[in-house]
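As a plain string of letters, each chain reads:
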Amino acid sequence: MSREIGDLESLLRINFGDDLTLVNYSVDNVVPSGENFRSCVLRLSAQVQRTKDSPGEDLEFVVKTAPTTAVLEITKGVDWIRLFRKEIFMYTSVIPFYRRVELDNDFPEDDSIEECFPKFFGSCGSLSGDAVILLENLKLRNYYVVDKRIGMDLAHASKALKALARFHAVGVAAKLNYPILFDSIRSTYRKPDYDYRAVDAACAGFIEIIRNDPRLDRYTSRVERIASWRKGDWKSELVTHDLWSSVVHFDFWTNNVLFHKDDEGSIDDAKFIDFQTYCFADIFLDLVYFIFTSLDDHVKSNDLDRVLDLYYVNFILTLERLSVDVGEYSRRKFDDGLKQVAEYEFFHCALVLNIVTADVDSASPMSFEAGINDLYSRKIAQLLQTYEARNWFTT
């Protein structure tokens, strides 16, 4: 695959020394087209010399670039340049700010929130069209993603949620204890823009799916009610409880979490990626979305309380380590907030499940209009039944 990346040698010199020479490089796809709608994710193989007399050396990275023309056609209304700026800002400003919050509370050097993310090597090119983000290739260290169509078992979900709880809690501590600095960068946390007319149309299509399914048609009126108050309101602020507001990932699902196992086969690390849609909102948005897009059927049916307990305990423990008074963060308030936000997040889960369950053609981008399959029908049924069982439908 031939693709030119401008300023690559300069970027590599910043990270590996001023004497480095870029001899040659090549790029190819990391994920099939259609698995990422906001950028192309490529593997960069670079042959370099550290000095003019040193032998050649091979380096590998992950590169994120603008989406292909074909993908842009099905994501009209998305300002990918702003999304790129957001991701760069996350790595260059937000994560270092969060680390400062930890260090000010005596977190040790070997216990850093920076370990929740891949290493960022920088960005280069022009945001007007040829920008790239250069990241560590975690697969070289045997990191992997769980099959999105199956979802995470309890062990994988637990490791992911511990990292998510820490990310959310450090954001809450930064908001409370560093309000001036937090507010100075808060403008970057704005909710991403989409073609909201297309979202309304997709919701209408989803309602027809359940209306015409005899197993699910009894939920139609409840889903229609949610659609009626969300219609035309997709741009509204995502914060409903200031107590629980933080920086949220807003796309925290299976494909954006990579895991590692130790020599004994136990999961010892989780890192998350893809920060183009993060925003300032209730932490429950990430939690609800993760539950229904990323947990396997067994965990959703049998271990959901355990999952919620694990997240809440780790969230509170991190707040305590960061000198936050947790008296207001009771479990009752947590459960009440989760219930309210769950209904708000319903359609986000329902529509994205069509992506989660789709068969991706590696030769062409995936379409939202590709129809549904049996796996999607089963996961939607579980979504509706869980909302009903937990009383997350307010009427």
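What counts as what
- Residues numbered from 1 in each chain as written.
- Predicted model: local features only at pLDDT ≥ 70, side-chain atom pairs only at ≥ 80, totals over all residues.
- Heavy atoms only, no water.
- Helix = DSSP H or I, 4+ residues; strand = E, 2+ residues; numbered from the N terminus.
- Contact = heavy atoms within 4.5 Å.
- Areas by Shrake-Rupley, 256 points an atom, 1.4 Å probe, with all protein chains shown as cover.
- Core = buried A, V, L, I, M, F, W, Y, C linked by side-chain atoms within 4.5 Å.
- Buried < 20%, exposed > 50% of the residue type's maximum accessible area, 1.4 Å probe, protein only.
- Phe/Tyr/Trp six-rings, centres within 6.5 Å; stacked < 30°, edge-to-face > 60°.
- Expected span 1.5 Å × (residues − 1).
- Salt bridge = Lys/Arg side-chain N within 4 Å of Asp/Glu carboxyl O.
- Pairing = 2+ DSSP bridges.
- Axes fitted to C-alpha atoms, helices over the stretch in contact; angles between N-to-C directions.
- Parallel < 35°, antiparallel > 145°, perpendicular 65-115°, else oblique.
- Lys, Arg positive; Asp, Glu negative; His and termini not counted.

Looking up the chain in an unreviewed UniProt entry gives the name CHK kinase-like domain-containing protein, with the organism given as Nasonia vitripennis.

Student: Got a minute to help me understand the overall build of the chain in this structure?
Tutor: Scanning the chain from N- to C-terminus turns up 13 helices and nine strands. Counting contacts in the chain only where the partners sit at least 6 residues apart, residues at least 24 apart contribute 74% of the total. Carbon and sulfur atoms form 49% of the exposed surface of the chain, whose accessible area is close to 17600 Å².

Student: So what exactly am I meant to see when it comes to the nonpolar core here?
Tutor: Side chains that are nonpolar tend, in soluble globular proteins, to be buried together. F206, F315, F346 and I380 are the most contacted members of the largest nonpolar core, which has 109 residues in total. In terms of residue count, the dominant contributor to this core is helix α4 (residues 154–177) (13 residues). Dropping the residues within four chain positions of it, F206 is found in contact with V223, F346, F347, A350, L351, Y376 and I380. I5, L20, A46 and V132 belong to the second largest nonpolar core, which has 19 residues in total.

Student: Where do I start with the packing of aromatic side chains in this structure?
Tutor: Within this structure, the stated rule accounts for 37 aromatic pairs. Consider the rings of F252 and F290, whose centres lie 5.2 Å apart with planes at 40°: the pair is tilted. In this pair, F252 sits in the loop between β6 (245–248) and β7 (257–261) while F290 sits in helix α8 (residues 284–294), placing the two residues 38 residues apart along the sequence. A ring pair is formed by F346 and Y387, whose centres lie 5.2 Å apart and whose planes are at 75°; its orientation type is edge-to-face. With F346 in helix α12 (residues 346–356) and Y387 in helix α13 (residues 374–389), the pair connects residues that are 41 residues apart, well separated along the chain.

Student: Is there a simple way to explain helix α10 (residues 304–321) in this structure?
Tutor: Each α-helix winds once per 3.6 residues, and so residues spaced three or four apart point in a common direction. Taking 1.5 Å of rise per residue, the 18 residues of α10 would be expected to cover 26 Å, and the 26 Å separating its terminal C-alpha atoms lies within 8% of that figure. Every buried residue of α10 is listed here: L304, V307, L308, L310, Y311, Y312, F315, I316, T318 and L319. A positive phi of about 65° marks S323, the residue just after α10.

Student: What is the right way to look at the pattern of salt bridges in this model?
Tutor: Oppositely charged side chains can form a pair if their charged atoms are brought close together. Scanning the entire structure with this criterion turns up 27 salt bridges. For D213, the salt bridge identified is with R215, shortest N-O distance 2.8 Å. Of the residues examined, R215 reaches a relative accessible area of 54% and is grouped as exposed. In this structure, the salt-bridge partner of R331 is D309, at a minimum N-O distance of 2.6 Å.

Student: Honestly, the sheet that holds strand β4 (residues 120–124) in this entry has me stumped. Any pointers?
Tutor: Within a sheet, each strand pairs with its neighbour through backbone hydrogen bonds, oriented either parallel or antiparallel. On the basis of which strands lie adjacent, the open sheet formed by five strands has the order β1-β2-β3-β5-β4 and antiparallel pairing. Pairing within the sheet leaves two strands with one partner each, and these edge strands are β1 (21–29) and β4. Taken over all neighbouring pairs, the strand axes of this sheet differ in orientation by 30° on average, direction set aside. Here strand β3 (residues 57–65) pairs with strand β5 (residues 132–136) via four bridges, running antiparallel. Considered in β5, the bridge of K64 is made with I133.

Student: For this particular structure, what's the right way to read unusual backbone geometry?
Tutor: Residues apart from glycine generally show negative phi values, whereas peptide bonds are mostly found in trans. The residue N142 is not glycine, and still its phi comes out positive at about 65°. Backbone geometry places N391, a non-glycine residue, at a positive phi of 60°. Here N391 shows up in the segment after α13.

Student: What is the right way to look at the packing of helix α6 (residues 196–211) against α13 in this model?
Tutor: Following both chains from N to C, one finds α6 and α13 inclined at 90°, their axes separated by 12 Å at the closest point. Taken together, the axes of α6 and α13 lie roughly perpendicular to each other. Residues F206, I209 and I210 of α6 form the contact with α13, whose participating residues are Y376, I380 and L384.

Student: I keep staring at the environment of I133 and nothing clicks. Help me out?
Tutor: With respect to the element layout, I133 can be found in strand β5. Residue I133 is classed as buried on the basis of its relative accessible area, which comes to 0%. In sequence terms I133 and K64 are 69 residues apart; their C-alpha atoms lie 5.1 Å from each other. Ignoring anything within four residues of it in the chain, the contact list for I133 reads V62, V63, K64, F84, E87, I88, F120, G122 and S123.

Student: What is the right way to read the side chain of D303 from this model?
Tutor: Tracing the sequence through the fold places D303 in the loop between α9 (297–302) and α10. Buried charge without a salt bridge: D303, with R306 as the nearest opposite-charge side chain at an N-O distance of 4.5 Å. In this structure, D303 is in contact with L154 and H298, ignoring residues within four places of it in sequence.

Student: Explain the environment of I207 here, please?
Tutor: Inspection of the secondary structure puts I207 in helix α6. As for I207 and S221, which are separated by 14 residues in sequence, their C-alpha atoms are 9.2 Å apart. Apart from the residues lying within four places of it in its own chain, the contact partners of I207 are T220, V223, E224, A227 and F347.

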